Amino acid sequence: DLDSDIQTLAQRVEEHRGTLVLLRAALLGECALPQATRLDQQFPYLAQFRSAARLLAARSRVMREYGMYLEAAMDAVDCLWMAQDVATQRVLIGHLVGMAIESVALAELEACVPHLDAAETRAVLNRLRAADKDRVSIGDVIRGELTASRFAFRDQIIGGMGGVGELEELRKQVGEAWDPAKAWEAMDTYAAEVLERLESPDGRRSISDIPIEDPLLKMLTPAYDKALLRTSDNLARFRLLLLKLAVHAYRLDNAEPPAELEALVPDYLPAIPMDPFSGKPLLGLVRDGTFVVYSVGPDGEDDEANAIEGPAIANSMGDIVVLVTEPSAR
């Protein structure tokens, strides 16, 4: 439990020292989980990844408590790699587990940033940029989920029926006129519309308004639009942390923050990261003497770094804001 006291966390980390050595060695290689078509095939992988990621996050917290900020930051980045790896299963539940891992790792890493020196900041920044390049896209995840849904439909709805009696029982649940053949066609139509929107180049692609008439499809189809929003939120926070590290490094090198974000290019970043909510570069400004970087958030409007209250949801007003605090004395 990451909410345990630091002594308990330190003890658990020590108990699993050998596991951490093996885990770091594994993270140096490639990862591609086999796509599972049933939940009972997915959960064992997800449980193992979640446990391993929590161990890395626990070590990050312990290292930070003991003032070993570079080690703590690298543990958090390794935890982010775990989030990327679990998403290679390319199903929605794996993607959601990966985003939960990513949220924990981002919080741990952000807490380390003010304590890093210039060389350490560059090392963490480069490692984080590499992790971003290996990110599995939400489009690939939903393509995989749609494939898994078709397998589930075939094996559990059609193949799992013991006879006419079972089919009639299902029809009582979803409607007397329900036809399996038409439901399969409806899945094809829905999948084609989802994938077309995912390939749209302009900003976040909402799919909540795609009409679904088949009652069983309504039951089987996960909340893809909520997953898109959560993905955009996580991606914005990930890229804002890239900016925070770059601004922190610039300040250490120049004794002041940059006058504008473009000053970070190309010495600290090859380009200003894109805001997934606008399709344009992320933004930055100085407010009350503090440099802030921000995303326009779900409403797509630049609110000049006035932050969203609470977690970002579809109708949130305001921006997603990250403060770049003064470097701390070591």
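The structure we're discussing is the one just above.
Residues numbered from 1 in each chain as written. Predicted model: local features only at pLDDT ≥ 70, side-chain atom pairs only at ≥ 80, totals over all residues. Heavy atoms only, no water.

S.K.: Describe the overall build of the protein chain, naming the residues involved and giving the relevant values.
M.R.: Scanning the protein chain from terminus to terminus reveals eleven helices and three strands. Mapped from its N terminus to its C terminus, the protein chain presents α and β elements in the order α-α-α-α-α-α-α-α-α-α-α-β-β-β. A buried classification covers 46% of the 330 residues belonging to the protein chain. Taking the intrachain contacts of the protein chain between residues at least 6 apart in sequence as the baseline, contacts between residues at least 24 apart amount to 66%. Accessible area of the protein chain: about 16300 Å², with a carbon and sulfur share of 52%. (Helix = DSSP H or I, 4+ residues; strand = E, 2+ residues; numbered from the N terminus. Buried < 20%, exposed > 50% of the residue type's maximum accessible area, 1.4 Å probe, protein only. Contact = heavy atoms within 4.5 Å. Areas by Shrake-Rupley, 256 points an atom, 1.4 Å probe, with all protein chains shown as cover.)

S.K.: Explain the pattern of salt bridges residue by residue, including any values.
M.R.: With the rule as written, the count across this model stands at 16 salt bridges. Of the charged contacts in the structure, one is a salt bridge between Arg-24 and Asp-75, with a shortest N-O distance of 2.0 Å. Of this pair, Arg-24 sits in helix α2 (residues 17–27) while Asp-75 sits in helix α4 (residues 69–86); the two residues are 51 residues apart in sequence, bridging distant segments of the chain. Using a relative accessible area of 1% as the deciding quantity, one classes Asp-75 as buried. In this structure, the salt-bridge partner of Glu-71 is Arg-59, at a minimum N-O distance of 2.9 Å. With a gap of twelve residues between them, Glu-71 in helix α4 and Arg-59 in helix α3 (residues 39–65) connect regions that are remote in the sequence. Among the residues examined, Glu-71 registers a relative accessible area of 33% and is labelled partly exposed. (Salt bridge = Lys/Arg side-chain N within 4 Å of Asp/Glu carboxyl O.)

S.K.: Quick one: what's the story with the sheet that holds strand β3 (residues 320–324), residue by residue and with numbers?
M.R.: Here we have three strands laid out as an open sheet, ordered β1-β2-β3, and antiparallel in their pairing. Each edge of the sheet is formed by a strand with only one pairing partner; in this case those strands are β1 (283–287) and β3. Taking each pair of neighbouring strands and ignoring which way they run, the sheet shows an average axis angle of 30 degrees. Of the strand pairs in this sheet, β1 and strand β2 (residues 290–295) are connected by five bridges, and their pairing is antiparallel. (Pairing = 2+ DSSP bridges. Axes fitted to C-alpha atoms, helices over the stretch in contact; angles between N-to-C directions.)

S.K.: Give a description of the packing of aromatic side chains that names residues and reports values.
M.R.: A full pass over the atoms with the stated rule returns one aromatic pair. A cation sits over an aromatic face here: Arg-135 above Phe-238, 4.6 Å from the ring centre. (Phe/Tyr/Trp six-rings, centres within 6.5 Å; stacked < 30°, edge-to-face > 60°. Lys NZ or Arg CZ within 6 Å of the ring centre and 35° of its normal.)

S.K.: How would you explain the side chain of Asp-85 if you had to name every residue and give the values?
M.R.: With respect to the helices and strands, Asp-85 occurs in helix α4. For the buried Asp-85, no salt bridge is present, and the opposite-charge side chain at shortest range is Arg-127, 8.4 Å distant. When sequence neighbours within four positions are dropped, the list of residues in contact with Asp-85 reads Leu-27, Cys-31, Leu-33 and Phe-49. (Lys, Arg positive; Asp, Glu negative; His and termini not counted.)

S.K.: Explain the packing of α4 against helix α5 (residues 92–112) to me, using residue names and the numbers behind them.
M.R.: It is at 8 Å that the axes of α4 and α5 come closest, and there the two elements cross at 165 degrees. Between α4 and α5, the crossing angle belongs to the class labelled roughly antiparallel. Note that α4 runs across α5; the crossing there is left-handed. Between α4 and α5, the residues in contact are Tyr-69, Ala-72, Ala-73, Ala-76, Val-77, Cys-79, Leu-80, Ala-83, Gln-84 and Val-86 and Gly-94, Val-97, Gly-98, Ile-101, Glu-102, Ala-105, Leu-106, Glu-108, Leu-109 and Cys-112, respectively. (Parallel < 35°, antiparallel > 145°, perpendicular 65-115°, else oblique. Left-handed = near helix turned anticlockwise from the far one by under 90°.)

S.K.: Mind laying out the environment of His-115, listing which residues take part and the relevant values?
M.R.: Locating His-115 in the fold gives a position in the loop between α5 and α6 (118–133). His-115 gets classed as buried once you look at its relative accessible area, which sits at 19%. Once the C-alpha coordinates of His-115 and Glu-326 are considered, the two residues, 211 residues apart in sequence, prove to be 9.3 Å apart.

S.K.: Go over helix α11 (residues 224–254) with me, naming the residues and quoting the values.
M.R.: Compared with the 45 Å implied by 1.5 Å per residue over 31 residues, the 45 Å span of α11 between its first and last C-alpha is a close match. In terms of burial, α11 is largely enclosed, as 25 of its 31 residues are buried. Just downstream of α11 lies Ala-255, where phi reads positive at about 65 degrees. (Expected span 1.5 Å × (residues − 1).)

S.K.: How would you sum up helix α1 (residues 6–15)? Please name residues and give values.
M.R.: When α1 is considered as a whole, its buried residues turn out to be Ile-6, Leu-9, Ala-10 and Val-13. Seen from one end, α1 has its buried residues packed into an arc of 100 degrees, which puts them on one side. Turned more than 90 degrees off the buried face of α1, the exposed positions are Gln-7 and Glu-15. Backbone nitrogen of Gln-7 and a side-chain oxygen of the N-cap are separated by 3.1 Å at the start of α1; the cap is Asp-5. (Arc of directions from axis to C-beta. Polar contact = N/O pair within 3.5 Å; in protein donor to acceptor, adjacent residues only side chain to side chain.)

S.K.: Residue-level account of the environment of Asp-179, with values.
M.R.: Checked against the element boundaries, Asp-179 lands in the loop between α8 (164–174) and α9 (180–198). Residues Asp-179 and Leu-216, spaced 37 residues apart in sequence, show a C-alpha to C-alpha distance of 9.8 Å.

S.K.: Go over the nonpolar core, please, and point to the residues and values.
M.R.: Met-82, Leu-109, Leu-128, Leu-243, Leu-261, Leu-264 and Val-293 are the most contacted members of the largest nonpolar core, which totals 69 residues. Excluding anything up to four places from it in sequence, Leu-264 contacts Leu-243, Ala-246, Val-247, Tyr-250, Pro-258 and Leu-269. (Core = buried A, V, L, I, M, F, W, Y, C linked by side-chain atoms within 4.5 Å.)

S.K.: With reference to specific residues and values, describe the environment of Thr-189.
M.R.: For Thr-189, the position within the fold is in helix α9. Accessibility expressed as a relative area gives 57% for Thr-189, which makes it exposed.

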